[in-house]
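Read off the chains here:
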Amino acid sequence: MSRGGAIAAGERLAAATTLTSSLEYLTQRHQLRSGGLNDWRVVKDVQSKSTPLTRKLLDLVSDERTTTAVHAARALVSAGMLLPGRSRWRGAGSLFLGASTALLYPRHRYGTDGSDQVSVLVQTAVGVARLSTSPQVKDAALWYIALQSNTSYLVSGWVKLIGPSWRDASALRGVMRTRTYGHEGAFELTRAYPRAARWVAHGVLALECLFPVAYLGGGRLVRPVVVSAAAFHVTNGFAMGLGRFVTAFTAMHPAVAYTAAPKSHPAVADRDDRALAVAGAALALAASAAGVVAVQRRLRSREGWPTSLTMTTRQGNELQYEVMAPGSPGRPVVVFCNGLGTSSEYFSWISEHLARKSGYGVITFARAGYAGSSRRSTEPYRLNESVDDLVDLVHGAVASDRKVVLVGHSLGGELCRRAATRIGSRLHSVVYLDSSHPAELNRSEQQGEAAKRLRESLTLMVWSLRLGMGALMSRPEWLDSLPEHYRLRAFAQYSDLRTWVAARREWLAVEKDFRAFSGDLTPIDAPALMISAQQTTDRDPEQLLMHHELAQAHRGDGRRVETVVMEGANHEGLLVKAEYAADVASRIVGFLDAVTGDVSASDTLEGQTR
């Protein structure tokens, strides 16, 4: 395919995508009105953090009449782009379509998809190529499209390959049985012919993971690769309803055909391939920068605070911990244990409150593999390893004449429960913050289904960070809810590969351990406070029952046991949102004061609920 042919084919296919898109929106204008799926009065809340100028521009475009007018103009321009011609004005048309798609993207928050993003990419590049009189600029634009095309297939394929559902072909059957993207006939075929379905799934993996082979064999492979990819999108358009994807992704194929042809072919004899070298250099530079960022974050994540201490456990693990407050003599010491994939910084609002205002001792620490703690054990990881570490920390960091309060969030709550049975008379009480329960994967359908997805997500995170993608990670919203001086370190830990490796290691052990759990919880001879997040219990009522069971395991002999549902809070917000964390901290202090004050059994709270 020649340079001009690649530009012409790409701009027409992309215009067909835009034409289809705008006609769809014009026939569904009710979705823009009050109560519709894209009611701007509701959707615009997503743009609350944008600049004032951006919000004003989006408000102007998002008026129903303006949106309709823009779509009508896009439909006319797209239809005109499908006509024959090579005028430079076509470049302006492509740029208009690309810019308007990007501008309307926030307006149609629900309903846009990857085809719109690909259209913007192609139309911007072919628009520049069409307007330019320089062959070198045209070739650079076509190389840009081709490289983006290769990247899109490669990333999609290798991400699929990480998860077992595509390797064992169950993903194809799973997608075909969904209401949104499924197809009943195709689903029945995957059930009737499982072997053929496996070949289809593996064929998709091979096509996406090996798409760049189009550049091998002196250009002879480009046709079978591009035709196979086009057939793949046509099939998706029919079976999954992704009609716009057909023209959107095939709009990139002409650039692939042009750049994959050997220079010996007369149609591309004057092609300028310097863009490929520039892209390679940019990739190397980006990889170097990503490496520097990763090293800086690793160092910040591991360095701890100026007053951080370390100790070695019986497992050989080195734990980094912080004595935030020694506390008043005779008062117990509170030890915080974080959840899966999180750090002690999550507790900062609560731990700071207790350290400054309660008079109790406060210790936070990082489990082996997190932050500045190192896992040295050579044995296969089991949850009991972390329990042993927690028990050793208590005995090594807390004076022998002081009692201990264990506070655990999520998985940390379960680790505290197990450690509580080993500490003996030194245990003062246990505080559970939206805690895990060892039976949750068996009893909760929601938790059981989410377990597999979490395992795949953790695996994807680990491999993404290993490939240097950590530099692209954005700051999660919850991080800006922490006290300001904790945020930088918390983000360094969040974006550090070690955090996700540790989280995945723990989660694999959790799945194995929790799936095997049966029977009743071991009774614990100590007071307990159970604080649940309302969003957790509303979404999964079984979780509330299990939280009450955790509390029930502590009841007896007049021991103080309290259960609280924190109204409005979610699983992480219970800790990181100042308004919830302050309430949690106050309740912990009130509970500890009551227990330390040796209240009588008649004053025991058997089920205070908020």
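Placed above this text is the structure.
Computed from a prediction, not measured in an experiment: that's the story for all the values here.

## Some details on the pairing of strand S5 (residues 404-409)
The buried fraction of S5 amounts to 6 of the 6 residues, a majority that puts the element mostly inside the structure. On S5, burial covers both faces: Val-404, Leu-406 and Gly-408 on one face and Val-405, Val-407 and His-409 on the other are all buried. Sheet analysis places strand S3 (residues 333-337) next to S5, joined by 5 bridges and oriented parallel. When the bridges of S5 are listed, Val-335 appears paired with Leu-406. This β-α-β element, S5 to helix H18 (residues 411-423) to strand S6 (residues 427-433), shows right-handed connectivity.

## Focus on the side chain of Ser-344
Note that Ser-344 resides in the loop between S3 and helix H16 (348-357). Non-local contacts of Ser-344, meaning those with residues more than four positions away in its chain, are made with Asn-338, Thr-364 and Phe-365.

## A word on the state of the cysteines
Evaluation of the coordinates by the stated rule reveals 0 disulfides. Cys-416 takes part in no disulfide bond, and the closest cysteine sulfur, belonging to Cys-337, lies 4.6 Å away.

## Topic: the pattern of salt bridges
Taken as a whole, this structure holds 33 salt bridges when the rule is applied. For Asp-388, the salt bridge is made with Arg-422, and the minimal N-O distance between the two is 2.4 Å. Of this pair, Asp-388 sits in helix H17 (residues 383-397) while Arg-422 sits in helix H18, placing them 34 residues apart in sequence. On the basis of relative accessibility, which here comes to 36%, the residue Arg-422 falls in the partly exposed class. Note that Asp-557 and Arg-559 form a salt bridge whose closest N and O atoms lie 3.7 Å from each other. On the basis of relative accessibility, which here comes to 80%, the residue Asp-557 falls in the exposed class. Accessibility expressed as a relative area gives 15% for Arg-559, which makes it buried.

## Looking at the packing of helix H5 (residues 89-104) against helix H6 (residues 114-131)
Between H5 and H6, whose axes approach to 7 Å, the crossing angle comes to 155°. Here H6 runs roughly antiparallel to H5, going by the angle between their axes. In the packing of H5 onto H6, the handedness of the crossing is left-handed. Facing Arg-90, Gly-91, Ala-92, Ser-94, Leu-95, Leu-97, Gly-98, Thr-101 and Ala-102 of H5, the residues of H6 in contact are Asp-116, Val-120, Gln-123, Thr-124, Val-126, Gly-127, Val-128, Arg-130 and Leu-131. Residues belonging to the contact of H5 with H6 are distributed by class as follows: 8 nonpolar, 7 polar and 3 charged.

About the criteria used
Residues numbered from 1 in each chain as written. Predicted model: local features only at pLDDT ≥ 70, side-chain atom pairs only at ≥ 80, totals over all residues. Heavy atoms only, no water. Buried < 20%, exposed > 50% of the residue type's maximum accessible area, 1.4 Å probe, protein only. Helix = DSSP H or I, 4+ residues; strand = E, 2+ residues; numbered from the N terminus. Pairing = 2+ DSSP bridges. Right-handed = clockwise from strand over helix to strand, strands pointing away. Contact = heavy atoms within 4.5 Å. Disulfide = S-S within 2.5 Å. Salt bridge = Lys/Arg side-chain N within 4 Å of Asp/Glu carboxyl O. Axes fitted to C-alpha atoms, helices over the stretch in contact; angles between N-to-C directions. Parallel < 35°, antiparallel > 145°, perpendicular 65-115°, else oblique. Left-handed = near helix turned anticlockwise from the far one by under 90°. Nonpolar A, V, L, I, M, F, W, Y, C, P; charged D, E, K, R; others polar.

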